[in-house]
Amino acid sequence: MKLSPRDAPAYFARPDPEKTGLLIYGNDSMRVALRRQEVIAALIGPDGEEEMRLTRISASDLRKDPALLNDAIKAQGFFPGPRVAFVEEANDTVAQIVVDVLDDWQAGDAQVVVTAGSLKATSKLRKLFEGHKSAYAAAIYDDPPSRAEIEATLSNAGLRDVMPEAMRDLTTLANELDPGDFRQTVEKLALYKLSDETPVSPEDIVACAPASTEADLDDVLHIVAEARLGEIAPIMKRLRAQGVQPVGLCMAAMRHFRTLYSAASDPGGPSQGIAKVRPPVFGPRRDRMQRQAASWGAAKLEEALGLLTDTDLRLRSAGQTAPDMALVERALIRLATLGRR
C-alpha cells in the first residue's frame, strides 16, 4: 500500500505493529534516516535496540547471504516485545529476497523496515511494497516541513510553550537547515531552556541557531549601517588586531547591505522584505536590520552597494598600492556618512 505525503507523518509517529513491513525511500538520505529512526523507535520503544529487538542488515550483506533477513524475522530474542528487521540502502538487487521474506511472513514475526534512495515507479522493490496488502511504501520528498511537523519536533523535545515570534523564526530555520541540523538545533534549544519555565523567545532562537558567517563582523556592520561615525575607528583597530582580512570585511559589508537593499526594495515594505531574505535573519537582529533598511531606503542602499563594489574591485586590482584595510575603513566611513544624509 502506498502512503501519501499527507498521511505518512502520522503513520511514522504511530506505525501499525501488526503490519508486515514498511519501505521508506527518497533522494535525501538524512530525511529518510530520520523517518526510519522515528518509525523504529515507535515500533520497539526506546529500549528496543538495547534489548536486541532490532536487527540491522545492509543490502550488500543481504545479497551475499539471502537467508539473513528471513532468519532475522523468525528469530526469538531473550527479551519480550515487538521486533524489527531493518534493511538499509536497499535497491532492486535485493527485491526478490524481500519478496520471498514477505510471502513467508507470519503474525509474531519481526516487522520488516527497508530504506532506499530514489526509486523509479518501475522499481521492483517499490512495486512490491505498494502492491502488498499488509505493507506500506512511503516516499520522502525534499519539501520543507509543515507547521505540524515542526510542532511535533518541538513537542518531542519537550518544548511546548513557544512565542509566536519564536515560532516564526523556527519555521524559517526549518526551511533553511537540513532536517538533521534542525533537529540538533531544537535539541540544543531544549537543553538551553532546561529548568526555564518562560516561553521560548526569539532571543532563545538566536542563542541556539547555527552561527552565521557574518556573526563576528556584525558589530562593525551595524555601526556603519546606523551611521555611528565615531565608533568606526576603534572597532576597526580591534578587527585589525584580530586578523580580519580586508577582502572578507568588504564581502561581509556587501552581504549586509545587499540584505538591507532586498528588504527596502520589497513591494510589501521592509518588514515583508526582511522576512524573505536568504540566509534568514533572526530575532532582535532582524528587527534591527529592518529599521536600518527603512532608514536608508532603496535608493541610498543602491548607492552604497555601488561604493562597496568599487572598493572590492580596487582591493583585487593588481595595480593597487594603498593599504587594503585603509581602503575598506575609508569605504565604511563614506557609507556611514551617506547614511546620515
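What counts and what doesn't
- Residues numbered from 1 in each chain as written.
- Predicted model: local features only at pLDDT ≥ 70, side-chain atom pairs only at ≥ 80, totals over all residues.
- Heavy atoms only, no water.
- Salt bridge = Lys/Arg side-chain N within 4 Å of Asp/Glu carboxyl O.
- Helix = DSSP H or I, 4+ residues; strand = E, 2+ residues; numbered from the N terminus.
- Buried < 20%, exposed > 50% of the residue type's maximum accessible area, 1.4 Å probe, protein only.
- Arc of directions from axis to C-beta.
- Contact = heavy atoms within 4.5 Å.
- Polar contact = N/O pair within 3.5 Å; in protein donor to acceptor, adjacent residues only side chain to side chain.
- Core = buried A, V, L, I, M, F, W, Y, C linked by side-chain atoms within 4.5 Å.
- Axes fitted to C-alpha atoms, helices over the stretch in contact; angles between N-to-C directions.
- Parallel < 35°, antiparallel > 145°, perpendicular 65-115°, else oblique.
- Nonpolar A, V, L, I, M, F, W, Y, C, P; charged D, E, K, R; others polar.
- Pairing = 2+ DSSP bridges.
- Phe/Tyr/Trp six-rings, centres within 6.5 Å; stacked < 30°, edge-to-face > 60°.

## What to know about the pattern of salt bridges
Piece 1. In this structure the tally under the stated criterion is 20 salt bridges.
Piece 2. Where aspartate 312 meets arginine 316, a salt bridge forms, and the shortest distance between an N and an O atom there is 3.0 Å. Of this pair, aspartate 312 and arginine 316 both sit in helix α15 (residues 283-316), separated by 4 residues, roughly a single helical turn.
Piece 3. Each of Glu226, Arg228, Glu231 and Arg288 takes part in salt bridges that share partners, so that together they form one network.

## Re helix α6 (residues 124-131)
Piece 1. For α6, the full list of buried residues reads Leu125, Arg126, Leu128 and Phe129. Seen end-on, α6 carries its buried residues on one side only, within an arc spanning 160°. In α6, those exposed residues whose orientation departs by more than 90 degrees from the buried face are Lys124 and Gly131.
Piece 2. Those residues of α6 that are buried lie in contact with β1 (2-3), β2 (21-26), β4 (84-90), α5 (95-104), β5 (111-116) and β6 (135-140).
Piece 3. Structurally, the start of α6 carries an N-cap: the backbone nitrogen of leucine 125 is 3.3 Å from a side-chain oxygen of serine 123.

## Section: the nonpolar core
Piece 1. Residues Val220, Met236, Leu249, Phe257, Leu332 and Leu335 are the most contacted members of the largest nonpolar core, which totals 40 residues.
Piece 2. Looking at this core, the elements with two or more residues in it are α11 (218-225), α12 (232-242), α13 (246-264), α15 and α16 (324-340).
Piece 3. Excluding anything up to four places from it in sequence, leucine 335 contacts Val224, Phe257, Trp296, Ala304, Leu307 and Leu308.
Piece 4. Formed by 29 residues, the second largest nonpolar core is a distinct cluster that contains Leu62, Ala85, Ala90 and Phe129.

## A few points about the packing of helix α7 (residues 147-156) against helix α8 (residues 164-176)
Each packed pair of helices is defined by two parameters, the angle between the axes and the distance between the axes.
Piece 1. Where α7 contacts α8, the two axes come as close as 11 Å, and the packing angle between them is 105°. With respect to each other, α7 and α8 are oriented roughly perpendicular. Between α7, through Arg147, Ile150, Glu151 and Leu154, and α8, the contact on the second element is made entirely by Met167, Leu170, Thr171 and Ala174.
Piece 2. For the contact of α7 with α8, the per-class residue count stands at 5 nonpolar, 1 polar and 2 charged.

## Thoughts on the pairing of β2
Piece 1. The element β2 is extensively covered by neighbouring structure, given that 6 of its 6 residues are classed as buried.
Piece 2. Burial along β2 is two-sided: the residues Gly21, Leu23 and Tyr25 and Leu22, Ile24 and Gly26 are all buried.
Piece 3. Bridge count between β2 and β5: 5 bridges; the pairing is parallel. Across the sheet, leucine 23 pairs through a bridge with valine 114, a residue of β5.
Piece 4. Bridging between β2 and β6 involves 6 bridges; their strand directions are parallel. Bridging from a neighbouring strand, glycine 21 pairs with alanine 135 of β6.

## A short note on the packing of aromatic side chains
Piece 1. By the definition in use, this model includes 3 aromatic pairs.
Piece 2. Their ring planes at 55° and their centres at 4.7 Å tell us that tyrosine 11 and tyrosine 136 sit as a pair that is tilted. Taken together, the positions of tyrosine 11 in helix α1 (residues 8-13) and tyrosine 136 in strand β6 put the pair 125 residues apart, joining distant regions of the chain. We note that tyrosine 11, like tyrosine 136, is buried.
Piece 3. Consider the rings of phenylalanine 78 and phenylalanine 79, whose centres lie 5.4 Å apart with planes at 90°: the pair is edge-to-face.

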